Amino acid sequence: MLHLAAKLNASNKISGAALQMQRELQWFQEMEKVVQPSYKENIGENGHIPRILFTKEHKNLVETGEKWMKDTATSCATVAALVITVVFAAAFTVPGGNNSDKGIPIYLKETAFMIFAISDALGLFASSTSLLMFLAYSHHAIRKKIFSGHYL
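Residues numbered from 1 in each chain as written. Predicted model: local features only at pLDDT ≥ 70, side-chain atom pairs only at ≥ 80, totals over all residues. Heavy atoms only, no water.

Per an unreviewed UniProt entry, the protein chain goes by PGG domain-containing protein and derives from Hevea brasiliensis.

Right, dumping it as structure tokens:
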């Protein structure tokens, strides 16, 4: 039974290799919980234990999913960099300008200006964090960890 769960399910109607791989891995892990522990090491007709069979059957799906996730991370990093650029520029080009004598914003005491400043700071923090995460993902071995689980 575990050998059947290790085979790639081609009739799955899930779009995207990464999501299909996630579903396949979850299915195999759930099936491992159900079967007796001795069945996990049984050699099937193909000469492999279920874990090795799962790895071989899903090799192409893993490669496709990794490529898709790297491309997605690169696209999202580009968008995050653009958002950082706009938010950073907005922080230095304050609405209403600065008081030429003191160098502080004219609308500093206004509630709307404070909302703008806080929103701008939060936007800069959030987009910077997401850019770092996307860059770390696209250039790090974490992709292997996400797809590998214990089997690949």
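Peer 1: Looking at this model, I keep getting lost on the environment of E66. Mind explaining?
Peer 2: Following the sequence through the fold, E66 ends up in helix α4 (residues 59-92). Exposure remark for E66: the relative accessible area of 13% places this residue in the buried category. E66 sits 49 residues away from A17 along the chain, and the two C-alpha atoms are 8.4 Å apart. (Helix = DSSP H or I, 4+ residues; strand = E, 2+ residues; numbered from the N terminus. Buried < 20%, exposed > 50% of the residue type's maximum accessible area, 1.4 Å probe, protein only.)

Peer 1: Sorry, what's going on with the pattern of salt bridges here?
Peer 2: Should the charged atoms of two oppositely charged side chains come close, the side chains can pair. What the rule picks out here adds up to two salt bridges. Of the charged contacts in the structure, one is a salt bridge between E30 and K33, with a shortest N-O distance of 3.3 Å. On the criterion of helical spacing, the pair formed by E30 and K33 is a turn pair, its members being three residues apart in helix α2 (residues 17-34). Taking the relative accessible area as the measure of exposure, E30 reaches 42% and is therefore partly exposed. Residue class for K33 comes out exposed when judged on its relative accessible area of 62%. Here K67 ties to D71 by a salt bridge, and the two come within 3.0 Å at their closest N and O atoms. One end of the pair is K67 and the other is D71, both in helix α4 and four residues apart, which spans about a single turn. Owing to a relative accessible area of 55%, K67 belongs among the exposed residues under this scheme. D71 sits in the partly exposed class, given a relative accessible area of 40%. (Salt bridge = Lys/Arg side-chain N within 4 Å of Asp/Glu carboxyl O.)

Peer 1: Can you help me understand the packing of α4 against helix α5 (residues 111-138) in this one?
Peer 2: Think of two packed helices as two axes; the pair is described by the angle between the axes and how far apart they sit. Orientation of α4 relative to α5, taken along the N-to-C sense of each, is 155 degrees, at an axis distance of 8 Å. One finds that α4 runs roughly antiparallel with respect to α5. Relative to α5, α4 is oriented so that their crossing is left-handed. (Axes fitted to C-alpha atoms, helices over the stretch in contact; angles between N-to-C directions. Parallel < 35°, antiparallel > 145°, perpendicular 65-115°, else oblique. Left-handed = near helix turned anticlockwise from the far one by under 90°.)

Peer 1: Can you help me understand the UniProt feature "transmembrane region" (unreviewed entry) in the protein chain in this one?
Peer 2: Per the UniProt record, "transmembrane region" (unreviewed entry) is found at residues 73-92 and 112-137. Along residues 73-92 the backbone is 100% helical and 0% strand, and the end-to-end C-alpha distance reaches 29 Å. The annotated region residues 112-137 carries 100% helix and 0% strand content, and the separation between its end C-alpha atoms amounts to 37 Å. (UniProt positions renumbered as here; feature names shortened; annotations may be inferred.)

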